[in-house]
Amino acid sequence: MGMNLIPLLHAFTPSWTSIAMLLGYFTYLAIAGSILPGRIIPGATLSDGTGLHYRCNGLLLLIFLAFLLGIGGWMDLVSPTAIADRGLELLSTTLIFSVLVTNLLYMVGCRSRDQSSSLKSHITGNLIHDWWFGIQLNPQFMGLDLKFYFVRAGMMGWLLINLSVLAKCIQESNLSQSMILYQLFCVLYILDYFFYEEYMTSTWDIIAERLGFMLVFGDLVWIPFTFSIQGWWLLRNKVELTTAAVIANCLVFFIGYLVFRGANKQKHVFKKNPKALIWGMPPKVIGGKLLVSGYWGIARHSNYLGDLLVALSFSLPCGISSPVPYFYPIYLFILLIWRERRDEARCAQKYKDIWAEYKKTVPWRILPYVY
């Protein structure tokens, strides 16, 4: 057992190569993200009355990175399997980086609390709580909104890991229908995310969550490395799917995608233009604030249902022989139930009687007639 543990520990040990890869990636996102053209989207108004603005150029950033990596591969400067070959050490390197960033955020937040009365309300006096959940809502670094930046890094990192795993699969002559299906769903989902990147500016993470270890770890480690579990699993396990299974899998993905994207789009458009038509009709609103039309008239968190179906579609190509590929949708289910409860409590406090009326009008939380 000890002999088997040594190679595993060695694989987890960060190398200078993995550190250089990670720092190069983050540097590219910071510099190119600030230079490449993109729509400037106004974000939510902060507690001090100021507002943030986001340069939404993620899709162009991704395309340009793919171009650079393609040139690097053509010139034999970058191996397409580099990430797959160093997966574990990149995981540990990113984890260490996340801890360091969280410590810096905590120290900066503590130093700033005497300068901002609004920040004091977020200090609980509990070091572990403030370190985990964060102190500052929208910390900035050299003009970058770190929350927006880290989510972008995680989503793009997820795609890079998947493509490297795919290259490894092709290199080993082990490409399967299941791997193609999984890769296709992920590529469509991630490209869609960056195409509609501006919608991210009105989500719970950006508006309400403070930036601590929970979000830093979630964005930089959990998203890219956990969301790609199915790809890693398929790299070492062969799965044969029937035609019926492929069709069913595609239906789960596209239904989930339509609900997820449709709900988020309706919410985002409503916040920008409360009079915009939804499904061809004027929106119905309670208290002038809460939307009860479209998907938001079906369930109070219908976007979560779409997200869960999409997550399930990523795992279905792996078959049912092992629970490992289903870790992500199971985890997401638990996370979204917990987040939905927190969101309900926040909205009840914020909207009071209006929220009570909204709950009567839309009684279902996520899945109509079930929950």
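The structure presented is a predicted model; accordingly, all values stated were derived computationally and were not measured.

## A few points about the packing of aromatic side chains
Right, so step 1: All chains considered together, the criterion is met by 29 aromatic pairs.
Right, so step 2: Where Tyr193 meets Phe194, the ring centres are 5.0 Å apart and the plane angle is 85 degrees; that geometry is what we call edge-to-face.
Right, so step 3: Residue classification places Tyr193 among the buried positions, given a relative accessible area of 12%.
Right, so step 4: Residue classification places Phe194 among the buried residues on the basis of a relative accessible area of 3%.
Right, so step 5: Both rings, one in Trp355 and one in Tyr358, keep their centres 5.1 Å apart while their planes meet at 50 degrees; by these two values the pair is tilted.

## Re the nonpolar core
Right, so step 1: Counting 74 residues, the largest nonpolar core has Met155, Trp158 and Phe314 as its most contacted members.
Right, so step 2: For this core, the leading source of residues is helix H8 (residues 146-171), giving 14 residues.
Right, so step 3: Ignoring sequence-local partners within four residues, the contact set of Met155 consists of Tyr189, Ile190, Tyr193, Phe194 and Ile223.
Right, so step 4: Ile286, Val292, Cys347 and Val362 belong to the second largest nonpolar core, which has eight residues in total.

## Focus on the environment of Leu235
Right, so step 1: Within the fold, Leu235 resides in helix H12 (residues 229-236).
Right, so step 2: For the pair Leu235 and Leu166, spaced 69 residues apart in sequence, the C-alpha separation works out to 8.0 Å.
Right, so step 3: Those residues within four positions of Leu235 in sequence are excluded, and the remaining contacts are Val165, Lys168, Cys169, Glu172, Asn174 and Met179.

## Quick notes on helix H15 (residues 327-351)
Note: α-helices contain 3.6 residues per turn, so residues at a spacing of three or four share the same orientation.
Right, so step 1: Here H15 spans 35 Å end to end across 25 residues, near enough to the 36 Å set by a 1.5 Å rise per residue.
Right, so step 2: All of the buried residues along H15 are Tyr328, Pro329, Leu332, Leu335, Leu336, Arg339, Glu340, Asp343, Glu344, Cys347 and Tyr351.
Right, so step 3: Positive phi appears at Lys352, one or two residues downstream of H15, with a value of about 50 degrees.

## So, unusual backbone geometry
Right, so step 1: Within the chain, Ser173 stands out as a residue other than glycine whose phi angle is a positive 55 degrees.
Right, so step 2: With respect to the helices and strands, the residue Ser173 is situated in the loop between H8 and helix H9 (177-195).
Right, so step 3: Classification of Ser173 as exposed rests on a relative accessible area of 70%.

## Notes on the packing of H8 against H9
Right, so step 1: In the contact formed by H8 and H9, the axes pass within 11 Å of each other and the chain directions differ by 155 degrees. It follows from the interaxial angle that H8 and H9 lie roughly antiparallel. For the crossing formed where H8 meets H9, the hand is left-handed. Here Val151, Arg152, Met155, Met156, Trp158, Leu159, Asn162, Leu163, Val165, Leu166 and Cys169 of H8 lie close against H9, whose contacting residues are Met179, Tyr182, Gln183, Cys186, Val187, Tyr189, Ile190, Tyr193 and Phe194.
Right, so step 2: Counted by class, the contact of H8 with H9 contains 17 nonpolar, two polar and one charged residues.

## Some points on the side chain of Ser228
Right, so step 1: Mapped onto the elements, Ser228 comes out in the loop between helix H11 (213-226) and H12.
Right, so step 2: Under the relative-accessibility criterion, Ser228 is labelled buried at 0%.
Right, so step 3: Residues contacting Ser228, with those up to four places away along its chain left out, are Trp158, Ile161, Asn162, Tyr182 and Ile223.

## Regarding the packing of H15 against helix H16 (residues 353-361)
Geometry of a packed helix pair, given as the angle between the helix axes and the separation of the axes.
Right, so step 1: Relative orientation of the contacting elements H15 and H16 amounts to 125 degrees, with a least axis distance of 6 Å. Between H15 and H16, the angle is such that the two are oblique. In contact with Glu344, Cys347, Ala348 and Tyr351 of H15, H16 contributes Asp353, Ile354, Trp355 and Lys359.
Right, so step 2: By residue class, the composition of the contact of H15 with H16 is five nonpolar, no polar and three charged.

Rules of the game
Residues numbered from 1 in each chain as written. Predicted model: local features only at pLDDT ≥ 70, side-chain atom pairs only at ≥ 80, totals over all residues. Heavy atoms only, no water. Phe/Tyr/Trp six-rings, centres within 6.5 Å; stacked < 30°, edge-to-face > 60°. Buried < 20%, exposed > 50% of the residue type's maximum accessible area, 1.4 Å probe, protein only. Core = buried A, V, L, I, M, F, W, Y, C linked by side-chain atoms within 4.5 Å. Helix = DSSP H or I, 4+ residues; strand = E, 2+ residues; numbered from the N terminus. Contact = heavy atoms within 4.5 Å. Expected span 1.5 Å × (residues − 1). Axes fitted to C-alpha atoms, helices over the stretch in contact; angles between N-to-C directions. Parallel < 35°, antiparallel > 145°, perpendicular 65-115°, else oblique. Left-handed = near helix turned anticlockwise from the far one by under 90°. Nonpolar A, V, L, I, M, F, W, Y, C, P; charged D, E, K, R; others polar.

Remember, this is a structural readout, not a statement about activity or role.
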